[in-house]
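# Structural overview
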Amino acid sequence: MRDDRLTSSTQTPQPWNAGPLQRGCGACVLYTFRLVLTISYLHRAIRKQSTKESNIMNGSCACGSVTFTTPTDTPLNLFHCHCIACRKQSSSAFGTSAIFPFFRVDDNPSVSYFSRTCDSGRKQNCYFCNKCGSRILHAHVFEGRDPEVVAVKGGLLEGLNWEGGKHIFCRSAVVPIPEGVERWEGEPDFSKPAPKV
Ligand SMILES: [Zn+2]
Ligand SMILES: [Zn+2]
C-alpha cells in the first residue's frame with residue numbers, strides 16, 4: 001500500500017511537494033537564466049562592434065592597391081565640381097569631392113602626389129594611386145600643420161549617399177545641372193544663402 005503511494009507520488013509530482021524532478025527544473029531555470037544573460041551580453045558586444053565598424057566608410061582605387069577607411073560614416077559635405085581641373089582629374093564631365101575630417105593615405109607606398117595651385121591661390125596636394133592612376137583625395141597645404149579636412153574622390157567610396165550634392169563652378173559645366181539642386185556658378189560662398197536652380 002505504502003509502495004503504491006510512493007509510486008503514485010513519483011509519477012504525478014505535486015507543486016507543493018518538491019521532488020527530485022522539480023529540483024532539476026530549478027537548476028534548469030538557473031542555467032537558462034545564465035544562458036540568457038550570456039547571450040544578451042554577446043548581443044550587446046556584437047552590436048557595439050558593428051556600430052564601431054559602421055562608423056567609417058571603405059574606399060579603394062581601381063586596382064585595389066590603395067584601400068582606406070574614412071574617419072566618419074558620412075561626409076561633412078559633398079560637391080560636384082564642374083571646373084576644368086576637376087574635369088581633367090576625373091577624366092570625365094565633373095569631379096565629386098566628399099569632404100571628410102583629415103586622415104592620411106600617403107603612408108601607403110602605392111600613393112603618390114603632385115601639388116597644384118588653385119584659382120584661389122591656395123596650394124593643394126593631389127594624391128593618386130601610382131599603379132592604376134585613380135585620384136584618391138585632395139588636401140590643402142598649410143604651413144606647419146595638417147589641414148582640417150580632405151576632399152575624397154566620391155567614386156572610390158562604398159555606400160556613399162549621393163543625394164544633396166552641391167554643384168559648383170557651374171559656369172564651366174559641360175553637362176546639364178539637375179533641377180532643384182544647390183548650384184554655384186563658381187566657388188561656393190557659405191556666407192550667402194544657397195542658390196538653387
Ligand atoms: Zn590603384
Ligand atoms: Zn573643381
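The rules behind each value
The residue count restarts for each chain, going from 1 along the sequence in the order it is written. The lettering of chains begins at A and the numbering of ligands begins at 1, in the order of writing. Selection of residues for local features in this predicted model requires a pLDDT of at least 70, selection of side-chain atom pairs for listing and counting requires 80 or more, and totals for whole chains, interfaces and linings are taken over all residues. A run of DSSP states H or I qualifies as a helix once it reaches four residues; a run of E qualifies as a strand once it reaches two. Both are numbered from the N-terminal end. Partly exposed residues are those whose C-beta has more than 12 but fewer than 20 other C-beta atoms within 10 Å; with 20 or more the residue is buried, with 12 or fewer it is exposed, and the C-beta atoms are placed from the backbone. The contact rule is simple: place each C-beta atom from the backbone, and if two of them lie within 7 Å, those residues are in contact. Strands were regarded as paired on the criterion that DSSP finds at least two bridges between them. A fitted line through C-alpha atoms represents every axis, and for helices the fit uses only the stretch in contact; the resulting angles, taken between N-to-C directions, go from 0 to 180 degrees. Any set of buried Ala, Val, Leu, Ile, Met, Phe, Trp, Tyr and Cys residues joined through C-beta atoms within 7 Å is what this text calls a nonpolar core. What pLDDT reports is the predictor's confidence in each residue, on a scale of 0 through 100.

### A word on the overall build of the protein chain
Looking only at helices and strands, one finds three helices and nine strands in the protein chain. Ordered by position in the sequence, the α and β elements of the protein chain form the string α-α-β-β-β-α-β-β-β-β-β-β. By the burial criterion, 21% of the 197 residues in the protein chain qualify as buried.

### So, the environment of L78
Within the element layout of this structure, L78 appears in strand β3 (residues 77–81). L78 sits 84 residues away from W162 along the chain, and the two C-alpha atoms are 7.8 Å apart. Residues in contact with L78, not counting those within four places in the same chain, are A98, G154, G164, G165 and K166.

### A few points about the sheet that holds strand β9 (residues 166–168)
Across a sheet, paired strands are connected by hydrogen bonds in the backbone, their directions being either parallel or antiparallel. Taken in spatial order, the seven strands of this open sheet run β5-β6-β7-β8-β4-β3-β9, and their pairing is mixed. Either end of the sheet is taken by a strand with one partner, and the two such strands are β5 (111–117) and β9. Between one strand axis and the next, the sheet turns through 30 degrees on average, direction left out of account. Strand direction decides the pairing type here: β5 and strand β6 (residues 123–129), joined by seven bridges, are antiparallel.

### Here we look at unusual backbone geometry
With glycine set apart, most residues show a phi of negative sign, and most peptide bonds adopt trans. The backbone of S91 shows a phi angle near 55 degrees, a positive value even though the residue is not glycine. By the element assignment, S91 lies in the loop between α3 (84–90) and β4 (95–101). Backbone geometry places F169, a non-glycine residue, at a positive phi of 55 degrees.

### Thoughts on the nonpolar core
Residues V66, V105, I136, L137 and V152 are the most contacted members of the largest nonpolar core, which totals 19 residues. When contributions to this core are tallied by element, the ones reaching two or more residues are β4, β6, β7 (135–140) and β8 (149–153). V152 has contacts with G59, T70, A98, F100, L137 and L157, leaving out every residue within four places of it along the chain. In this structure, F79, C81, I168 and F169 belong to the second largest nonpolar core, which totals eight residues.

### Comments concerning the pairing of β3
Examined bridge by bridge, β3 and β4 share five bridges and lie antiparallel to one another. Looking at the pairing, N77 lines up with I99 of β4.

### Topic: the environment of H80
Among the secondary structure elements, H80 is positioned in strand β3. A tally of 24 C-beta atoms within 10 Å means that H80 is categorised as buried. Measuring from C-alpha to C-alpha, the distance between H80 and T96 comes to 4.4 Å, with 16 residues separating the pair along the chain. Not counting residues within four places of it along the chain, the set of residues in contact with H80 comprises F94, T96, G165 and H167.

### Overview of the confidence of the model for the protein chain
Averaged over every residue, the pLDDT of the protein chain is 83; residues scoring 70 or more account for 69%. Confidence scores differ between elements of the protein chain, with helix α1 (residues 2–11) showing the lowest mean pLDDT of 47 and strand β1 (residues 58–60) the highest of 98. Taken as a whole, residues 1–10 scores under 50 in pLDDT and shows two contacts with residues more than four places along the chain or in a different chain. In the predicted structure, residues 15–19 sits below a pLDDT of 50 and forms four contacts with residues beyond four places in sequence or in another chain.

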